[in-house]
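Residue-level listing of the chains:
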Amino acid sequence: GQQVQQSPASLVLQEGENAELQCNFSTSLNSMQWFYQRPGGSLVSLFYNPSGTKHSGRLTSTTVIKERRSSLHISSSQTTDSGTYLCAPPGYQNFYFGKGTSLTVIP
Amino acid sequence: DTTVKQNPRYKLARVGKPVNLICSQTMNHDTMYWYQKKPNQAPKLLLFYYDKILNREADTFEKFQSSRPNNSFCSLYIGSAGLEYSAMYLCASSRAGGSGNTLYFGEGSRLIVV
């Protein structure tokens, strides 16, 4: 089945710093979805990105399908960005999740 | 409305007792999923319905049951809860399965088994 690797596993930033989160997957797919999970909460979709680069505020997602990777860039981090970021490449009828990157932004 | 709703939000259960979690969506999505999420672990797919067809993961086949009486509702049933069932249970839905479609999650049902 699909293997999804996320890096780093955890990250601590000073407020205002940038972050680059990586997601690598083992088999060919045609899209990638990024989610944010606030501490103790549910998952909120950040991006559905078939390929290329998408922007949403301070977030940028870049997916290169042929290289089986996707990244999430967070610029000018804020304390409210703290939480877990998960990537999930969709399969035919299922979504496969990585373990996530735990981000802590300190003031 | 892109809301997936789950009930209850919190559930305290005794070991050996049954647990029933409910999920609903009004987006007319074909597929509804149940995931189990524990701290520092990836969300684990338990089962999903594509229309009326139930697909259960092999390693959780006997532990979880589900029903989908209509397109909008899906339940997750644990016949006899064990301590290892303590987790966040996430319901999600998408249109026509995974490929090319966005996944929408509910707020989750946090189950604590004592």
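One can find the structure itself at the top, above this paragraph.
What you see is a predicted model; the values in this text were computed from it and never measured.

### So, the nonpolar core
B:Trp34, B:Phe64, B:Leu76, B:Ile78, B:Tyr89 and B:Leu111 are the most contacted members of the largest nonpolar core, which has 22 residues in total. Those elements giving two or more residues to this core turn out to be strand S3 (19–25), strand S4 (31–37), strand S5 (44–50), strand S8 (73–78), strand S9 (87–94) and strand S11 (109–113) of chain B. Every residue in contact with B:Phe64, bar those within four places of it in the chain, is listed here: B:Gln36, B:Leu46, B:Leu47, B:Arg56, B:Leu76, B:Tyr77, B:Ile78, B:Tyr85 and B:Tyr89. Residues A:Leu13, A:Leu21, A:Leu29 and A:Ile74 belong to the second largest nonpolar core, which totals 18 residues.

### Overview of the state of the cysteines
Across all of its chains, the model carries two disulfides over all chains by this definition. Disulfide partner of A:Cys23: A:Cys87, at an S-S distance of 2.0 Å. When the S-S torsion is 75 degrees, as for the bridge of A:Cys23 with A:Cys87, the disulfide is right-handed. Of this pair, A:Cys23 sits in strand S3 (residues 19–25) while A:Cys87 sits in strand S9 (residues 83–88), and the two are 64 residues apart along the sequence. Considered together, A:Cys23 and A:Cys87 belong to a single accessibility category, that of buried residues. The partner cysteine of B:Cys23 in its disulfide is B:Cys91, sulfur to sulfur 1.9 Å. Since a negative S-S torsion denotes a left-handed disulfide, the B:Cys23-B:Cys91 link at about -75 degrees is left-handed. With B:Cys23 in strand S3 and B:Cys91 in strand S9, the pair connects residues that are 68 residues apart, well separated along the chain.

What counts, and where the lines are drawn
Residues numbered from 1 in each chain as written. Chains lettered and ligands numbered in written order. Predicted model: local features only at pLDDT ≥ 70, side-chain atom pairs only at ≥ 80, totals over all residues. Heavy atoms only, no water. Core = buried A, V, L, I, M, F, W, Y, C linked by side-chain atoms within 4.5 Å. Buried < 20%, exposed > 50% of the residue type's maximum accessible area, 1.4 Å probe, protein only. Helix = DSSP H or I, 4+ residues; strand = E, 2+ residues; numbered from the N terminus. Contact = heavy atoms within 4.5 Å. Disulfide = S-S within 2.5 Å.

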